[in-house]
Amino acid sequence: MPKFVLIGSGLAGGLLAAYLGRRGYEVDLYERRADPREGNMIGGRSINLALSTRGIHALEHIGIADEVLKHAIPMRGRMIHEKSGGLHFAPYDVDPNKHINSIGRAALNTTVIEAAQRYPSVRVHFNHKCTGVELDSATAHIVDSSVEAAVSAATPETIHARGDAVIGVDGAFSAVRQSMQLKIDNFEYDESYLAHGYKELTIPPGPDGSWRMEKEALHIWPRKSFMMIALPNPDGSFTCTLFWEFEGTRSFATTRTDNDVRRFFDDEFPDAVSLMPNLLDDFKNNPTGSLVTIRCAPWFYKDKVCLIGDAAHAVVPFYGQGMNAAFEDCVVLDECLAEFPEDRQRAFAEYFERRKANADALADLALENFIEMRDKTASRAFRAKKKLDHFLEAALRGVYLPLYTMVTFTRIPYATAARRARFQDRIVYAGLVLLTMSILAFSMLLLR
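What counts as what
Residues numbered from 1 in each chain as written. Predicted model: local features only at pLDDT ≥ 70, side-chain atom pairs only at ≥ 80, totals over all residues. Heavy atoms only, no water. Buried < 20%, exposed > 50% of the residue type's maximum accessible area, 1.4 Å probe, protein only. Helix = DSSP H or I, 4+ residues; strand = E, 2+ residues; numbered from the N terminus. Polar contact = N/O pair within 3.5 Å; in protein donor to acceptor, adjacent residues only side chain to side chain. 1 Å grid on protein atoms, 1.4 Å probe; cavity = no way out; pocket = protein on both sides within 12 Å on 5 of 7 lines; lining within 4 Å. Points joined across faces, edges and corners; volume = space filled by probe spheres on them. Nonpolar A, V, L, I, M, F, W, Y, C, P; charged D, E, K, R; others polar. Pairing = 2+ DSSP bridges. Axes fitted to C-alpha atoms, helices over the stretch in contact; angles between N-to-C directions.

(A) Layout of helix 6 (residues 175-183). Taken as a whole, helix 6 has its buried residues at A175, V176, R177, S179 and M180. Two to three positions downstream of the cap, the backbone nitrogen of V176 sits 3.2 Å from a side-chain oxygen, assigning the N-cap of helix 6 to S174.

If you want it as structure tokens, here you go:
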């Protein structure tokens, strides 16, 4: 059986290792960080994960969905926090049983790694960093990235991990993709950053371990050009994320002192401040992360190298689909390898063909949803549109599906969902215009 060298044992890396191990492939999985099961997850950089239909389907395929969902909290809609203190709950779907699931990165990462290690052909190597890949020989150059190695060796020894293929599952700043950029003529690459960064904050549980806000909701404080969100955790806490401009008169750059921080939160998030006793420490000590969208092509080189997840198509987190899309990549690549077991290059090419347009569509949707979340969710017109969506979905079952429903609660390809939503919007708009004209005409007849 072929041997795969996987670079990156994050969420998609562990899952892909399980898929490949299930098919009997030999797998060596290298991860630059320490084993998450040893409690080494770094705080302050983890936007909580929203697991939905696409991701659950991928987990079901290897029999761990129920195990993962035991650690999840259902979020049935958005809880909008107005600046005045008012609250509005907007369900995600007309069906109250449809919800997304808040889950911590560490718990999910542990589960997928353990699923991969159930297969005897899978080996996982933590504290091993990839510095580059020889594409034609499918050889990854690996160094020991442990703290002990850094202290003891000025020039760490390089391991040359050779396989039949190398799969890059090593995130937005992928070493595997960088090697492809150097090797492949006319490799297409686009990297764009938002003017906004993010900072993780915490709302701790109540004294009795209870949640201090509505548990089964994604909380949003929309403030036009910026926002804060909060997702529930099983221990009663909420992981909050502030999305704010890096530069400007009110921004991360100009908010330096404790008084600056306190004044900003008192002004913008007064109902949250009383729930955040560690606000100043969190703001000072947690790093400010950047938000990048990455598009590239191709995602493969011959039958030797392939990219998965953020390494191929990093997206901003505002549709909650980055992880779900990466998991869906694993499903599609697994299907293509099964379809073309004797022609791995064709399998890689087919996987790229099936996923590229959908990844690009998701990138656009995620950027658009940032504007929706930070700005439109607070408006009455937006809430009215959502109610109309739910009315039409209930009245026209199977015919009309809101965009959010298609993206989050179905496995309709992202590009297809985006096209269908645009078509539906044109029909609805035309219908509203016709209805308005009919009402006006009828009114004029009555006035004669």
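(B) Representation of the layout of surface pockets. Here the second largest pocket is characterised by a volume of approximately 620 Å³. Around the second largest pocket sit 23 residues that line it, and E368, E372, K385, L403 and D425 are the ones nearest its centre. Contributions of two or more residues to the lining of the second largest pocket are made by helix 12 (344-374), helix 13 (380-395), helix 14 (403-409) and helix 15 (414-447). Taken together, the residues that form the lining of the second largest pocket break down as twelve nonpolar, two polar and nine charged.

(C) Fine view of empty space enclosed by the protein. One pass over the structure, following the stated rule, counts one cavity of 30 Å³ or more. R78, A90, P91, Y92, F382, K386, D389, H390, P402 and Y404 together form the lining of the largest cavity. Contributing elements (two or more residues each) for the lining of the largest cavity: strand 6 (87-91) and helix 13. Ranked by residue count, the leading element in the lining of the largest cavity is helix 13, at four residues.

(D) Structural detail: the sheet that holds strand 10 (residues 139-144). An order of 9-10-11 is seen for the three strands of this open sheet, with the pairing classed as antiparallel. Two strands bound the open sheet, and with one partner strand each, they are strand 9 (128-134) and strand 11 (158-162). Between one strand axis and the next, the sheet turns through 30° on average, direction left out of account. In the sheet, strand 9 pairs with strand 10 via six bridges, with the strands oriented antiparallel. Directly across from C130, in strand 10, lies its bridge partner I142.

(E) Structural detail: unusual backbone geometry. The peptide bond linking A297 to P298 adopts the cis configuration, its omega dihedral lying at -5°. In this structure, N127 takes a positive phi of about 60° despite not being glycine. Judged by relative accessible area, which is 23%, N127 ranks as partly exposed. With a phi angle near 50°, A138 is a residue other than glycine that sits in the positive phi range. One can find A138 in the loop between strand 9 and strand 10. Among the residues examined, A138 registers a relative accessible area of 0% and is labelled buried.

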